[in-house]
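Here's the letter readout for the chains.
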Amino acid sequence: MMSQLGTYLLLFGLAVSGYGLLAAAVGAKTGRSALVESARRCAFGLFATVAAATATMLVALLTNDFAIRYVADNSAVETPAFFKALALWGADDGSLLLWNLILAGYIAAVALRFRRDRPPTFPYALSVLFAVQVFYLILINGPARPFASLANPPADGRGPEPLLQNHPLMAVHPPFLYLGFIGFTVPFAFGVAALLAGQGSDQWVSVIRRWTLVVWCFLTVGLLLGALWSYSVLGWGGYWAWDPVENVALLPWLSATAFLHSVMLQERRGMARLWNIALVIGAFALMTLGTFLTRANVVSSVHAFAQTPVGPAYLAFLALVLLGGFGLVAWRLPELRTPASLTSAISREGAFVANNVLLLAATAIILLGTTFPLVVEAISGQQVTVGGPYFRSSVTPVFLLILLLAGTAPLLPWRATNASRALRRLRVPAAAAALVMIATAWAGVHQVAAVAGFGLATLVFVTSGQEILTGLSIARHGTRGGVVRALARGRRRHAGLVVHMGLALVAAGIIASSSLAQQDQVTLKTGQSTVFAGQVLRYQGLRADRQPQRIVLTTTVAVTNPGAGAAGTLDPRMNLYPASAAPIGSPSIHRGIVWDLYASVISLQDNGGSATFRFYHNPGVNWLWFGGLVMALGGAAAAWPGRRRRHSGDDQGPGAMRQRTAVAAGAR
Amino acid sequence: MSGRFTRRRARLLAGVGAVVTVIVVLLMTGLGRDPSVIASPLVGRAAPDFTLPQLDGPPVTLAKLHGQIVVINFWASWCAECQAEQAALDQTWRRFQDSGVVVIGVNFEDGAGAARGYVRADDVAYPVVEDAGSKTALAYGLRGVPETFVVNRSGRIVSHAIGPVGAAALSSEINSMLLASPR
């Protein structure tokens, strides 16, 4: 019953989005606003339909409806209700439901946002949005069918993938990542719409900028949560493994970051128009490529369980996006060429160009490393893998240069040919950076990249902080009102600087954890202890708990600090699930401001009489999480709708003037 | 869409088309791979021996099947994908049992009652053994069910598939083994 309901709802959704596509496209072409309006209203019906289909699956999961194959494959009677609900996005077909729901949500949000004042490109954008939704709904009605039923329903299901029912983070990581991924559809749609409509003006750009910022925040949080999950669940002591699936999630983030910087060139100086559209289309194409590589099981064969027939459909869609998007860019090339050129390399404009070059270089390096095995296999038939060392050694210098830029560029004035003022304002940050570099080298850090990295992170942090403070004090002199008022004055600039401060923290965390971490593997008998990273670790024994869906083996390790006495216990676990022969470990982590103590149990011998542990001493990991949060909050502050939202092109005007005066005053 | 079709535009569009074609062709080769057949470290090695009790019948010892081609399929009654590949395994068994091919179902992490019910409901004709304690599953490095190993006449593992197997792929693999080393 549920199976039929879900199937019909999805079919109906496809029909609705098909109508929306037609109505919006015809309305855009003929200029009949009634058609566009009906397409706009369609968006809400579509959202309701897809939401109902998703709710149907949720009910089926919660009520153990094993007649639906997806439920039998991804849930079991004994699975806790919370993880039953999470099974909704635990596997391919179900996650496509969530994907469609989020896309329909974005379309509804666009329809709501532009209910009254609309840019002229709106009808085109709406038809592109519906077209993308049509593709994903075809996918879920044809090759991937989450509501497919089983002839002989089993009495019990397989249960979710053990790794996915081991930690509540799975509840938030995929939705945020999807909000980030799918969100790129909106900037893409408005970019393509601008090309289709042949808009000469720059009106589209502020619409796209704000949506991209929102999407960027979601993707930042999604990536962070993924790293946090990897760190807290997988037990290998790290958070980023340069796995293809991680890499392809980073690619659209990098190109969106590039866009958020180069878009300022267009807003301020009317430069880089075509470049910006190409970046927006590129981000969406990279997102589609990533989905294709992951879901068609092209790059990671071990992740594959059931071979899904969605691969060719994704590839066709990717071809369409690339041909349509970049074909349109090529078509408009003669009109969108911008005459403005750089007056000086040492200027804000020059810095933005350098920023784009570096971010795209990082994108290219990661894309190359991720797809290289595919290319080699296609040509020579050999299977190769590209591992962490390639990525670390090639990306590190690029990221260090990006830090250098982030630490200096906010000081540079627009258009300027004279950088002496900027140099003067660089004195404090540069001194702080030099101090930190000397201190870290003196403290025994000998890797050049790590010392330079700490210095550059300091440079970014101090420069950004100094600029915010200067901006604040000037704004407070000029007007009455509190700090909040003053902050809100130059909101965009301040928010950007806050993101940079977050970036500095993230960078420091990554450098600390990747260059200063220690690890050790030891086998301890009950009662035996070892000394690791200045802590005494004593294995106290094993406890077995039988839970309905699994058996949990918990070890207890007492931690004593020789100076300060008992410092608590670590309890790394091993979980045995019926659906998996290999046990799934759960690490135990003492999180601290400066460093984490992290323990995983690798194996147990003699019924727990002895156990093999891997201990990690990871500095800076929490700076990474905190810094990432700061970045996302800064992005959100920049995206927050301002008072002057009506004249979207206008939020450059007086505010920007004021800012420029502030900057000039600050340079005194 | 506005603007005229000029030679410059045609050249640009052709360039975009060419680049996209190269990308798509490259990615297409990746699609041709069957991700369920993996490069398992066990392939080429001697199949770990086992003696396991049948659900209804005498125990089965792998070593005693030396000289025959053995298809070892790990399954469970709670696994929907196992049900999906059931027909393919049955078909293989019926087609090849007279040419010296044995199919063995190894029941994994299951209740004996549930397993029997499944075997009866789906008319499983080939021998099914119980792997109490999952010792055999561990010896084969099982990641989950279903997984299928094909063992040749000299007792070596020749392939390892993760996920449901197809009748056609399995038959062609067995056919080529039969042709390569006829009895």
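Going along each chain's sequence as written, the residues are numbered from 1 onward. Labels follow written order: the first chain is A, the first ligand is 1, and so on. Note on the predicted model: pLDDT of at least 70 is required for a residue's local features to be given, and 80 or more for side-chain atom pairs to be given and counted; whole-chain, interface and lining totals, by contrast, use all residues.

Q: When you look at the overall build of chain A in this model, what are you seeing that I'm missing?
A: Across its full length, chain A carries 21 helices and 10 strands. We take the radius of gyration over the C-alpha atoms and set the globule estimate at 2.2 Å times the residue count to the 0.38 power. Since a compact globule built from 668 residues should have a radius of gyration of about 26 Å, the 27 Å found for chain A is in line with a globular shape. Overall, the C-alpha framework of chain A stretches about 75 × 70 × 60 Å when taken along its three principal axes. Out of the 668 residues in chain A, the part that is buried amounts to 50%. Working definition: helices are DSSP H or I runs of at least four residues, strands are E runs of at least two. Numbering for both runs from the N terminus. For the exposure call, what matters is how many other C-beta atoms sit within 10 Å of a residue's own: 20 or more marks it buried, 12 or fewer exposed, and in between partly exposed, using C-beta atoms placed from the backbone.

Q: Explain the overall build of chain B here, please?
A: Within chain B, the regular secondary structure consists of five helices and seven strands. Along chain B, helices (α) and strands (β) appear in the sequence α-β-β-β-α-β-α-β-α-β-β-α when read from the amino end. Taking 183 residues into account, the globule formula puts the C-alpha radius of gyration at 16 Å, and chain B, at 23 Å, lies well above it. In terms of overall dimensions, chain B has C-alpha extents of about 80 × 40 × 30 Å along its principal axes. When the 183 residues of chain B are sorted by exposure, 34% land in the buried category. Residue pairs are scored as contacts if the distance between their C-beta atoms, which are placed from the backbone, is within 7 Å. Long-range contacts, defined here as pairs at least 24 residues apart, represent 74% of the contacts in chain B between residues at least 6 apart.

Q: Sorry, what's going on with the sheet that holds strand β9 (residues 595-605) of chain A here?
A: The strands that make up a sheet are held in pairs by hydrogen bonds between backbone atoms, and each pair lies either parallel or antiparallel. Residues and elements named next belong to chain A. In space, the four strands of this open sheet follow the order β1-β10-β9-β8, with antiparallel pairing throughout. Where the open sheet ends on each side, the last strands, each with one partner, are β1 (518-525) and β8 (588-590). Taken pair by pair, the neighbouring strands of this sheet meet at an average axis angle of 20 degrees, ignoring direction. Strand pairing is assigned whenever DSSP identifies at least 2 bridges connecting the two strands. Across 10 bridges, β9 lies against strand β10 (residues 610-619) in antiparallel orientation. When the bridges of β10 are listed, Leu597 appears paired with His617. The angle between two axes is taken between their N-to-C directions and runs from 0 to 180 degrees, where each axis is a line fitted to C-alpha atoms and a helix contributes only its stretch in contact.

Q: Can you walk me through the packing of helix α5 (residues 92-113) of chain A against helix α7 (residues 173-183) of chain A in this structure?
A: Residue and element names in this part refer to chain A. One way to put it is that α5 packs onto α7 with a least axis distance of 10 Å and a crossing angle of 55 degrees. The pairing of α5 with α7 is recorded here as oblique in orientation. The element α5 and its partner α7 pack so that their crossing is right-handed. Each of Ser95, Leu98, Trp99, Ile102, Leu103 and Tyr106 in α5 lies in contact with α7, whose residues at this interface are Pro174, Pro175, Tyr178, Leu179, Ile182 and Gly183. Each residue is assigned to one of three groups, with Ala, Val, Leu, Ile, Met, Phe, Trp, Tyr, Cys and Pro labelled nonpolar, Asp, Glu, Lys and Arg labelled charged, and all others, Gly among them, labelled polar. Here the residues of the contact of α5 with α7 are counted per class, giving 10 nonpolar, two polar and no charged. Note on terminology: angles under 35 degrees are roughly parallel, angles over 145 are roughly antiparallel, angles of 65 to 115 are roughly perpendicular, and the others are oblique. By the definition used in this description, the sense in which the near helix is turned from the far one sets the handedness, with an anticlockwise turn below a right angle giving left-handed and a clockwise turn giving right-handed.

Q: Which parts of the structure should I look at to understand the packing of helix α2 (residues 33-62) of chain A against α5 of chain A?
A: The axes of two packed helices give the description: the angle between them and the distance between them. Residues and elements named next belong to chain A. The geometry of α2 relative to α5 is characterised by a closest axis approach of 8 Å and an angle of 155 degrees between their N-to-C directions. One finds that α2 runs roughly antiparallel with respect to α5. For the pair α2 and α5, the crossing hand works out as left-handed. Listed contacts from α5 to Arg40, Ala43, Phe44, Leu46, Phe47, Val50, Ala51, Ala53, Thr54 and Met57 of α2 are Gly94, Leu97, Leu98, Asn100, Leu101, Ala104, Gly105, Ile107, Ala108 and Ala111.

Q: Would you take a moment to explain the environment of Gly117 of chain B for this structure?
A: Relative to the helices and strands, Gly117 of chain B resides in helix α3 (residues 112-121). Taking the C-alpha atoms as reference points, Gly117 of chain B and Ile72 of chain B, separated by 45 residues in sequence, lie 20 Å from one another.

Q: Sorry, what's going on with the confidence of the model for chain B here?
A: Residues and elements named next belong to chain B. Per-residue confidence from the prediction method is given by pLDDT, with values spanning 0 to 100. With 92% of its residues at a pLDDT of 70 or more, chain B has an overall mean of 85. Confidence scores differ between elements of chain B, with α3 showing the lowest mean pLDDT of 85 and strand β3 (residues 69-75) the highest of 94. The ipTM value of the predicted complex is 0.75, and its pTM value is 0.84.

Q: How do you make sense of the environment of Ser603 of chain A when you look at a structure like this?
A: On the secondary structure map, Ser603 of chain A appears in strand β9. Separated by 477 residues in the primary sequence, Ser603 of chain A and Leu126 of chain A have C-alpha atoms spaced 55 Å apart.

Q: Even after reading the chapter, I still don't get the pairing of strand β6 (residues 573-576) of chain A, so can you show me in this structure?
A: A regular strand carries its side chains on alternate faces of the sheet. All names here are of chain A. Both strand β4 (residues 550-561) and β6 contribute to a ladder of four bridges, which runs antiparallel. Residue pairing for β6: Ile551 is matched across the bridge by Leu576. Examined bridge by bridge, β6 and strand β7 (residues 584-586) share three bridges and lie antiparallel to one another. Paired with Met574 across the two strands is Gly585, which belongs to β7.

Q: Quick question: what am I supposed to make of the nonpolar core here?
A: All names here are of chain A. Counting 207 residues, the largest nonpolar core has Ile107 and Ala457 as its most contacted members. In this entry, domain limits derive from an automatic or database-based domain assignment. Per-domain counts for this core show at least three residues from each of domain 1 (2-264 + 271-337 + 346-393) and domain 2 (415-516 + 622-643 + 652-666). Each residue touching Ile107, except ones within four places of it in the same chain, is listed here: Ala43, Leu46, Leu129 and Gln133. Connectivity within a nonpolar core runs through C-beta atoms within 7 Å, and the core itself is a set of buried Ala, Val, Leu, Ile, Met, Phe, Trp, Tyr and Cys residues. One finds Tyr539, Ala599, Val601 and Phe615 within the second-largest nonpolar core, a separate group that totals 15 residues.

Q: What am I meant to see in helix α11 (residues 273-295) of chain A here?
A: Relative to the 33 Å expected for 23 residues at 1.5 Å per residue, α11 of chain A spans 33 Å between its end C-alpha atoms, a close match to the ideal helical length. Within α11 of chain A, 20 of the 23 residues are buried, which leaves it mostly tucked inside the rest of the structure. A helix is expected to span 1.5 Å multiplied by its residue count minus one.

Q: Sorry if this is basic, but what is going on with unusual backbone geometry here?
A: As a rule of thumb, non-glycine residues mostly have phi less than zero, and peptide bonds are mostly trans rather than cis. Residues and elements named next belong to chain A. One non-glycine residue, Asn64, adopts positive backbone phi at about 55 degrees. Tracing the backbone through its elements, the reader meets Asn64 in the loop between α2 and α3 (69-74). We note that Trp242 has phi near 55 degrees; this positive angle belongs to a residue other than glycine. Its place among the elements puts Trp242 in the loop between α9 (203-233) and α10 (244-269). Residue classification places Trp242 among the partly exposed residues on the basis of 18 C-beta atoms within 10 Å.

Q: It is not clear to me how the domain arrangement of chain A should be interpreted in this structure. Could you clarify?
A: Interface size, as often reported, equals the accessible area lost upon joining of the parts. All names here are of chain A. In terms of domains, chain A is made up of domain 1 (2-264 + 271-337 + 346-393), domain 2 (415-516 + 622-643 + 652-666) and domain 3 (520-621). Between the C-alpha centres of domain 1 and domain 2 the distance comes to 32 Å. Per-class residue counts for the side of domain 1 that touches domain 2 are eight nonpolar, two polar and one charged.

Q: How do you make sense of the pairing of β4 of chain A when you look at a structure like this?
A: Residue and element names in this part refer to chain A. Alignment of strand β3 (residues 535-547) against β4, held across 11 bridges, turns out to be antiparallel. Residue Arg538 lies in a different strand from β4, and its bridge partner there is Ala558. Hairpin remark: β3 followed by β4, antiparallel, with two residues in the connecting loop. Bridge count between β4 and strand β5 (residues 565-570): four bridges; the pairing is antiparallel.

Q: Quick question: what am I supposed to make of helix α2 (residues 80-96) of chain B here?
A: Because an α-helix packs 3.6 residues into every turn, residues spaced three or four apart end up facing the same way. For α2 of chain B, spanning 17 residues, the distance from its first C-alpha to its last is 25 Å, which sits close to the expected 24 Å at 1.5 Å a residue. Here the bend at each residue means the angle between axes fitted to two seven-residue stretches, the one ending at that residue and the one beginning there. In the structure, α2 of chain B departs most strongly from a straight axis at Gln86 of chain B, where the bend amounts to approximately 40 degrees. Within the span of α2 of chain B, buried status applies to Ala80, Glu81, Cys82, Gln83, Glu85, Gln86, Leu89 and Thr92 of chain B. Lining the buried residues of α2 of chain B we find α3 of chain A together with β3, β4 (101-107) and α5 (167-180) of chain B.

Q: Please explain the environment of Ala452 of chain A as it appears in this structure.
A: With respect to the helices and strands, Ala452 of chain A occurs in helix α17 (residues 448-478). Sequence separation of Ala452 of chain A and Leu400 of chain A is 52 residues, and the distance between their C-alpha atoms is 7.9 Å.

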